[in-house]
Amino acid sequence: METLTIRRPDDWHVHLRDGAMLEFAARYTAQQFARAIVMPNLVPPVTTVDAARHYRDRIRSAIGAHHSFTPLMTAYLTDDIDADEIATGFEEGVFAACKLYPANATTNSAAGVTDVRKLDRVFDRMQAIGMPLLIHGEVVSPDIDIFDREHVFIDTTLAPLVTDFPDLKVVLEHITTEDSVEFVSAASDKVAATITAHHLRIDRNDMFDGGMRPHAYCLPVAKRRKHREALRKAAVSGNAKFFLGTDSAPHQKHDKESDCGCAGIFSAPVAIESYAQTFEEEGALDKLEAFASEFGPHFYGLPLNDETITLERTGHAVPDLIEDAEIAIVPFHAGETINWRLAP
Ligand code: DOR
Ligand code: ZN
């Protein structure tokens, strides 16, 4: 059987949740990734060093001793976030980064930032200490078409921000458009982007394929095919500004299949396999390791992982549903057979 062995990858953007969902979902991330940047959009959000420490303990206990996995914690920025608190958390090695959600942009973002430039004092401090800012890059306005919200965010918010804070490390998360690829490519080496497994495979038509498809709905929403193609090009380009971040975001099947279905795609069970499939289709399997395992640590200034993982090229039937007694989730690639499987 054909195999592919790469340095163990990291996930630079994941939702591990809390409580029963954390217990259920975290193992899927830990079985393939050595580290992950953990999103802070819990209820209530993770805004203090203490809350992050406790959440990190809950993650470690959910994963148990079976996997060696390091959760990298993030601070959720609010209008009145305390700059000293986040700086202390960074200096103590608890916070790896801050996460900026424009208020009401997505799941559990109601406590997010209402006016980004009200936080200039915080960005100043982060810039001074080298703390990365991770951005959900969408404007929130009923007047802006949902398919334009990322593009408008770049023009109105991100471009001025990176001009005014030229040394601030910024990750534009889960990019979905050609405009974002162009913006990040042209920006300084302080500016990078993550790309999800799903945005490399779906476009906006997949949400309406023979009917409404809630399991293809996430935020930022998938765009036109030409944008997906631009993301695929960026991912396989070997440009170190673009690296892996799944944005795996588990929601119960009944919460997605509802009259107001939640945004989020649970890709963790097949994440590295899905990326491998895409890179193979692009004739660029040789570029997977750098994208998945090198460019992220390089940007964050962290060491590369020493361990490896092996993927086997074999028919891998992805289940329709992943469930236990309390939780049932439709994973990304549900019901499909993909080419790659993580070796046990
Ligand atoms: O699709 C998404 N789901 N996008 C986000 O930004 C948040 C996430 C979630 O937490 O479910
Ligand atoms: Zn996310």
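Residues numbered from 1 in each chain as written. Chains lettered and ligands numbered in written order. Predicted model: local features only at pLDDT ≥ 70, side-chain atom pairs only at ≥ 80, totals over all residues. Heavy atoms only, no water.

Chemist: Looking at this structure, I do not really get the UniProt feature "domain: Amidohydrolase-related" (unreviewed entry) in the chain. What am I missing?
Modeler: Using the residue numbers shown here, the UniProt feature "domain: Amidohydrolase-related" (unreviewed entry) corresponds to residues 11-303. Taken end to end, residues 11-303 is 38% helix and 12% strand, and its two terminal C-alpha atoms sit 14 Å from one another. (UniProt positions renumbered as here; feature names shortened; annotations may be inferred. Helix = DSSP H or I, 4+ residues; strand = E, 2+ residues; numbered from the N terminus.)

Chemist: Can you help me understand the layout of surface pockets in this one?
Modeler: Where empty space is left becomes clear once a probe the size of a water molecule has been rolled over the atoms. In this structure, the largest pocket occupies an estimated 460 Å³ of space. Lining the largest pocket are 20 residues, with Ile202, His215, Ala216, His333 and Glu336 positioned closest to its centre. Within the lining of the largest pocket, the residues separate by chemical class into eight nonpolar, two polar and 10 charged. (1 Å grid on protein atoms, 1.4 Å probe; cavity = no way out; pocket = protein on both sides within 12 Å on 5 of 7 lines; lining within 4 Å. Points joined across faces, edges and corners; volume = space filled by probe spheres on them. Nonpolar A, V, L, I, M, F, W, Y, C, P; charged D, E, K, R; others polar.)

Chemist: Even after reading the chapter, I still don't get the coordination of the zinc ion (ligand 2), so can you show me in this structure?
Modeler: Octahedral six-donor coordination of a metal ideally yields angles of 90 or 180 degrees, compared with 109.5 degrees for tetrahedral four-donor coordination. On the protein side, the zinc ion (ligand 2) has His13 (NE2), His15 (NE2) and Asp247 (OD) as donor atoms, found 2.0 to 2.1 Å from it. Linear spacing of the donor residues for the zinc ion (ligand 2) on their chain is H-x1-H-x231-D. Separated by 234 residues along the polypeptide, histidine 13 in strand 2 (residues 11-14) and aspartate 247 in the loop between strand 9 (242-244) and helix 8 (253-256) bring together distant segments of the chain. Given a relative accessible area of 7%, aspartate 247 falls into the buried group. (Donors = N, O, S within 2.8 Å, 3.2 Å for Na, K, Ca; no water. Buried < 20%, exposed > 50% of the residue type's maximum accessible area, 1.4 Å probe, protein only.)

Chemist: Is there a simple way to explain the pairing of strand 4 (residues 70-76) in this structure?
Modeler: Both faces of the sheet carry side chains from a regular strand, because those side chains alternate between them. Counting buried positions along strand 4 yields six of seven residues, so the element is predominantly enclosed. Judged from the four bridges that link them, strand 3 (residues 35-38) and strand 4 form a sheet pairing that is parallel. Each residue of the ladder has a partner; that of arginine 35, found in strand 4, is threonine 70. The pairing of strand 4 with strand 5 (residues 95-100) spans four bridges and is classified as parallel. When the bridges of strand 5 are listed, methionine 73 appears paired with phenylalanine 95. (Pairing = 2+ DSSP bridges.)

Chemist: Even after reading the chapter, I still don't get empty space enclosed by the protein, so can you show me in this structure?
Modeler: Counted according to the given criterion, the structure contains three cavities of 30 Å³ or more. Estimated volume of the largest cavity: approximately 140 Å³. Contributing to the lining of the largest cavity are 19 residues, with His15, Thr106, Leu219, Asp247 and Ala249 lying nearest its centre. Classifying every residue of the lining of the largest cavity by side-chain character gives six nonpolar, 10 polar and three charged. Of the voids in this model, the second largest cavity is the one considered here, and its volume is about 50 Å³.

Chemist: Can you walk me through the site of ligand 1 in this structure?
Modeler: Near ligand 1, the surroundings consist of 13 residues, among which Arg17, Asn41, Thr106, Leu219 and His251 are the closest. At a separation of 3.3 Å, an oxygen atom of ligand 1 approaches a polar side-chain atom of histidine 136. A distance of 3.2 Å is found between an oxygen atom of ligand 1 and a backbone nitrogen or oxygen belonging to glycine 264. Protein coverage of the free-state accessible area of ligand 1, which is 290 Å², stands at 99%. Comparing atom positions with the cavity grids shows ligand 1 to sit within the largest cavity. Its residues assigned to classes, the shell around ligand 1 shows four nonpolar, seven polar and two charged. (Near = heavy atom within 4 Å. Polar contact = N/O pair within 3.5 Å; in protein donor to acceptor, adjacent residues only side chain to side chain. Areas by Shrake-Rupley, 256 points an atom, 1.4 Å probe, with all protein chains shown as cover. Sits in = over half its atoms within 2 Å of the grid points.)

Chemist: How do you make sense of helix 2 (residues 49-63) when you look at a structure like this?
Modeler: In an α-helix, one turn spans 3.6 residues; hence positions three or four apart end up facing the same way. For helix 2, built from 15 residues, the straight-helix expectation of 21 Å at 1.5 Å per residue is met to within 8% by its first-to-last C-alpha distance of 21 Å. Within helix 2, burial applies to Val49, Ala52, Tyr55, Arg56, Ile59, Ala62 and Ile63. The arc that holds the buried residues of helix 2, viewed along the axis, is 140°, so those residues lie on one side. Packing partners of the buried residues in helix 2 comprise helix 1 (19-30), strand 3, strand 4, helix 3 (83-91) and strand 5. (Expected span 1.5 Å × (residues − 1). Arc of directions from axis to C-beta. Contact = heavy atoms within 4.5 Å.)

Chemist: Please explain the sheet that holds strand 9 as it appears in this structure.
Modeler: Hydrogen bonds along the backbone pair up the strands of a sheet, which may run parallel or antiparallel. Reading across the sheet, the eight strands line up as 2-3-4-5-6-7-8-9 and stay open at both edges, with parallel pairing between neighbours. Every other strand in the sheet has two partners, leaving strand 2 and strand 9 as the edge strands with one partner each. Between one strand and the next, the sheet's axes are offset by a mean angle of 30°, whatever the strand orientation. Each of strand 7 (170-172), strand 8 (191-195) and strand 9 touches helix 6 (residues 178-186); the most contacted strand, strand 8, lies at about 145° to it. (Axes fitted to C-alpha atoms, helices over the stretch in contact; angles between N-to-C directions.)

Chemist: Where do I start with the environment of aspartate 18 in this structure?
Modeler: By secondary structure assignment, the location of aspartate 18 is in the loop between strand 2 and helix 1. Distance from aspartate 18 to arginine 58, taken between C-alpha atoms, is 7.9 Å for residues 40 residues apart in sequence. Those residues within four positions of aspartate 18 in sequence are excluded, and the remaining contacts are Leu42, Tyr55 and Arg58. Among the polar contacts listed, one links the side chain of aspartate 18 to the side chain of arginine 58, at a separation of 2.7 Å.

Chemist: Teacher, can you tell me more about the sheet that holds strand 13 (residues 337-342) here?
Modeler: Taking strand neighbours across the sheet as the criterion, the three strands line up as 1-10-13 in an open arrangement whose pairing is antiparallel. The open sheet has two edge strands, strand 1 (3-7) and strand 13, and neither has a second partner. For this sheet, the mean angle separating the axes of adjacent strands, direction not counted, is 30°. The pairing of strand 10 (residues 308-317) with strand 13 spans five bridges and is antiparallel. Bridge pairing links histidine 316 to isoleucine 338 in strand 13. On top of the sheet, helix 9 (residues 271-281) reaches strand 1, strand 10 and strand 13; it is set at about 120° to strand 13, its chief contact. Against the sheet, helix 10 (residues 288-300) touches strand 1 and strand 10, its axis set at about 30° to strand 1.

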